[in-house]
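Analysis of the macromolecular model
Listed below, chain by chain, are the residues.
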Amino acid sequence: MGRVTVGALRAVLVVVLAGTVLVQVLMVWVLVSGSDPEGGSAALTAMRVLTVVGLVAVQTVVVCVGRLVAMVRRGTVFSSAAFRYVDGIAGAIVGVAVVWFAVTAVNAPGQRDDPGVTVIMGGIGVAVLGVALIVLVLRALLVQAVAREGEAARMRAELDEVI
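Residues numbered from 1 in each chain as written. Predicted model: local features only at pLDDT ≥ 70, side-chain atom pairs only at ≥ 80, totals over all residues. Heavy atoms only, no water.

A closer look at the side chain of T104
In plain terms, the rule: Each helix corresponds to a stretch of at least 4 residues labelled H or I by DSSP, and each strand to a stretch of at least 2 residues labelled E; elements are numbered beginning at the N terminus. Note on classification: 1.4 Å probe, protein chains only; a residue is buried when its accessible area is under 20% of the maximum for its type, exposed when over 50%, partly exposed between these limits. By definition in these notes, contact holds between two residues if any of their heavy atoms fall within 4.5 Å.
Within the secondary structure, T104 sits in helix 3 (residues 81-107). Classification of T104 by relative accessible area gives buried; the value is 8%. Filtering out sequence-adjacent residues up to four positions away, T104 remains in contact with T118, M121 and G122.

Have a look at this one:
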């Protein structure tokens, strides 16, 4: 991975992390200060809480991707230490899907006249779960790569002994 690519990715991760923290702070401020400009209905309050929780999941993905990028730059990504970050990404994506399903449930009563919106939102939640499954498939590939790396190191050691 090139220096420009890593630098650009790090910049994007920093911007996303800063933006999500800013939105969380503003949402929490509105919730605790009682200064809701929209009146603070129960559904709106629930949406704000779900937004704060969903952003925690996004922040988890950002941190885990940042750690994996650092491992790539150091050449240590093909190690068992990378599994925890990939697991963190998969778990956070599942968390996002759960939050999205909760948003769909909160939004559903307002969509009685057009239930298609709720169905579409549910489909988006299923698609997000599909992304988590893709990450788990990629994790399985990482497991295989780590195993092959270990096998290659063992074979190199045996070859060194023979020579």
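Overview of the pattern of salt bridges
Quick reminder of the rule: Basic side-chain nitrogens of Lys or Arg form a salt bridge, by our definition, when they fall within 4 Å of a carboxyl oxygen of Asp or Glu.
In total, this model carries 2 salt bridges according to the counting rule given. The partner of D87 in a salt bridge is R139, with the nearest N and O atoms 2.4 Å apart. Pair noted here: D87 is in helix 3 and R139 is in helix 4 (residues 116-162), with a separation of 52 residues, a long-range link. According to the relative accessible area criterion, D87 is partly exposed, its value standing at 35%. Exposure remark for R139: the relative accessible area of 22% places this residue in the partly exposed category. A salt bridge links R154 to E158; the shortest N-O distance between them is 2.9 Å. Of this pair, R154 and E158 are both found in helix 4, 4 residues apart, which corresponds to roughly one turn of the helix. Judged by relative accessible area, which is 45%, R154 ranks as partly exposed.

Observations regarding the packing of helix 2 (residues 42-74) against helix 3
What counts is decided by this rule: Every angle, taken between N-to-C directions, lies between 0 and 180 degrees, and every axis is a line fitted to C-alpha atoms, over only the stretch in contact when it is a helix. We call two directions roughly parallel when the angle between them is under 35 degrees, roughly antiparallel when it is over 145, roughly perpendicular when it lies between 65 and 115, and oblique otherwise. For any helix crossing, the convention is left-handed if the near helix is rotated counterclockwise from the far helix by under a right angle, and right-handed if that rotation is clockwise. Residues were grouped as follows: Ala, Val, Leu, Ile, Met, Phe, Trp, Tyr, Cys and Pro as nonpolar; Asp, Glu, Lys and Arg as charged; and all remaining residues, including Gly, as polar.
Their axes nearest at 9 Å, the elements helix 2 and helix 3 cross at an angle of 160 degrees. With respect to helix 3, the element helix 2 is oriented roughly antiparallel. Like other packed secondary-structure pairs, helix 2 and helix 3 cross with a definite hand, here left-handed. Classifying every residue of the contact of helix 2 with helix 3 by side-chain character gives 23 nonpolar, 4 polar and 1 charged.

Some details on the layout of surface pockets
Convention followed: A cavity here means a set of points on a 1 Å grid, drawn over the protein atoms and nothing else, where a 1.4 Å probe fits but cannot get out; a pocket is an open set with protein on both sides within 12 Å along at least five of seven lines, and a residue lines either one if it has an atom within 4 Å of a point. Grid points are joined across faces, edges and corners, and a volume is the space filled by probe spheres set on the points.
Quantified by volume, the largest pocket comes out at close to 250 Å³. Forming the walls of the largest pocket are L68, V69, V72, V77, F78, V86, I89, V135, L138, R139 and L142. For the lining of the largest pocket, the secondary-structure elements that each account for two or more residues are helix 2, helix 3 and helix 4. Looking at which element gives the most residues to the lining of the largest pocket, the answer is helix 4, with 4 residues.

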